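# Topology and contacts: notes
Below, each chain spelled out in residue letters.
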Amino acid sequence: MSSSLLYKTSTLLASEVPNPTREAPSELTDKVNIVLGIAAWAGTAAGVAGVLITGAMMAISLKRGESSEHMSRLGMVLGGCVLVATAGPLISFVFN
């Protein structure tokens, strides 16, 4: 008797599971796209500024005769630029 009650309860509970859609409201997606566009623009601008600043520091230290680890700094800046440039396609690949 208890197994039939358990069966009825489980079929009743399992039949009412909601299945929401994956679409976000258009008002929200418009605002999120604006924020992501600004963030992408700021990341690109920061990458360009980082390359320019690192290049200027390399030129100044070369003129002074100082040796410094600017190549590792430049590598980190370029790695950040690659990360910013590939963020959108990478997330699209993972979630689609």
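Residues numbered from 1 in each chain as written. Predicted model: local features only at pLDDT ≥ 70, side-chain atom pairs only at ≥ 80, totals over all residues. Heavy atoms only, no water.

So, on to the overall build of the protein chain. What the protein chain contains, in helices and strands, is three helices and zero strands. Per-residue burial over the protein chain gives 7% buried out of 96 residues. (Helix = DSSP H or I, 4+ residues; strand = E, 2+ residues; numbered from the N terminus. Buried < 20%, exposed > 50% of the residue type's maximum accessible area, 1.4 Å probe, protein only.)

Helix length check: helix α3 (residues 70–95), at 26 residues, gives a terminal C-alpha distance of 37 Å against a target of 38 Å (1.5 Å per residue), a fit within 8%. At Thr86, α3 shows its largest kink, close to 50 degrees, and the proline Pro89 lies no more than four residues downstream. Buried residues of α3: His70, Leu74 and Val77, and no others. In this structure, the buried side of α3 is in contact with α2 (26–64). (Expected span 1.5 Å × (residues − 1). Bend = angle between axes of the 7 residues up to and from the residue. Contact = heavy atoms within 4.5 Å.)

Turning to a nonpolar patch on the surface, a few remarks are in order. A cluster of nonpolar residues, Leu90, Ile91, Phe93, Val94 and Phe95, forms a patch on the protein surface that exposes about 580 Å² of accessible area. Along the polypeptide, Val94 turns up in helix α3. The exposure class assigned to Val94 is exposed, which follows from its relative accessible area of 54%. (Patch = residues over 30% accessible without salt bridge, like charges linked within 9 Å, V, L, I, M, F, W, Y side chains within 5 Å. Areas by Shrake-Rupley, 256 points an atom, 1.4 Å probe, with all protein chains shown as cover. Salt bridge = Lys/Arg side-chain N within 4 Å of Asp/Glu carboxyl O.)

Moving on: the side chain of Thr54. Here Thr54 is to be found in helix α2. Filtering out sequence-adjacent residues up to four positions away, Thr54 remains in contact with His70, Arg73, Leu74 and Val77.

Turning our eyes to something else, we now look at α2. Here α2 contains 39 residues, and its C-alpha end-to-end distance of 57 Å stays within 8% of the 57 Å for a straight helix at 1.5 Å per residue. All of the buried residues along α2 are Gly47, Gly50, Thr54 and Ser61. Among the structural elements, α3 are those in contact with the buried residues of α2. Just past α2, the residue Gly65 takes up positive phi, approximately 85 degrees.

Attention now moves to the confidence of the model for the protein chain. Detailed conclusions should not be drawn from predicted coordinates in areas where pLDDT is low. Per-residue confidence for the protein chain gives a mean pLDDT of 83; residues scoring 70 or more make up 89%. The least confident element of the protein chain, judged by mean pLDDT, is helix α1 (residues 2–15) at 68; the most confident is α2 at 89. (pLDDT = per-residue confidence, 0-100.)

Orientation of α2 relative to α3, taken along the N-to-C sense of each, is 165 degrees, at an axis distance of 9 Å. One element, α2, and the other, α3, form an angle in the roughly antiparallel class. The crossing of α2 and α3 is left-handed. Of the residues in α3, those touching α2 at Ala40, Gly43, Thr44, Gly47, Gly50, Val51, Thr54, Met57, Met58 and Ser61 are His70, Met71, Arg73, Leu74, Val77, Leu78, Cys81 and Val84. (Axes fitted to C-alpha atoms, helices over the stretch in contact; angles between N-to-C directions. Parallel < 35°, antiparallel > 145°, perpendicular 65-115°, else oblique. Left-handed = near helix turned anticlockwise from the far one by under 90°.)

What follows concerns the side chain of Ser61. Secondary-structure assignment places Ser61 in helix α2. At a separation of 3.2 Å, a polar atom in the side chain of Ser61 contacts the main-chain carbonyl oxygen of Met58. When residues no more than four places from it in sequence are discounted, the contact partners of Ser61 are Glu66 and His70. (Polar contact = N/O pair within 3.5 Å; in protein donor to acceptor, adjacent residues only side chain to side chain.)

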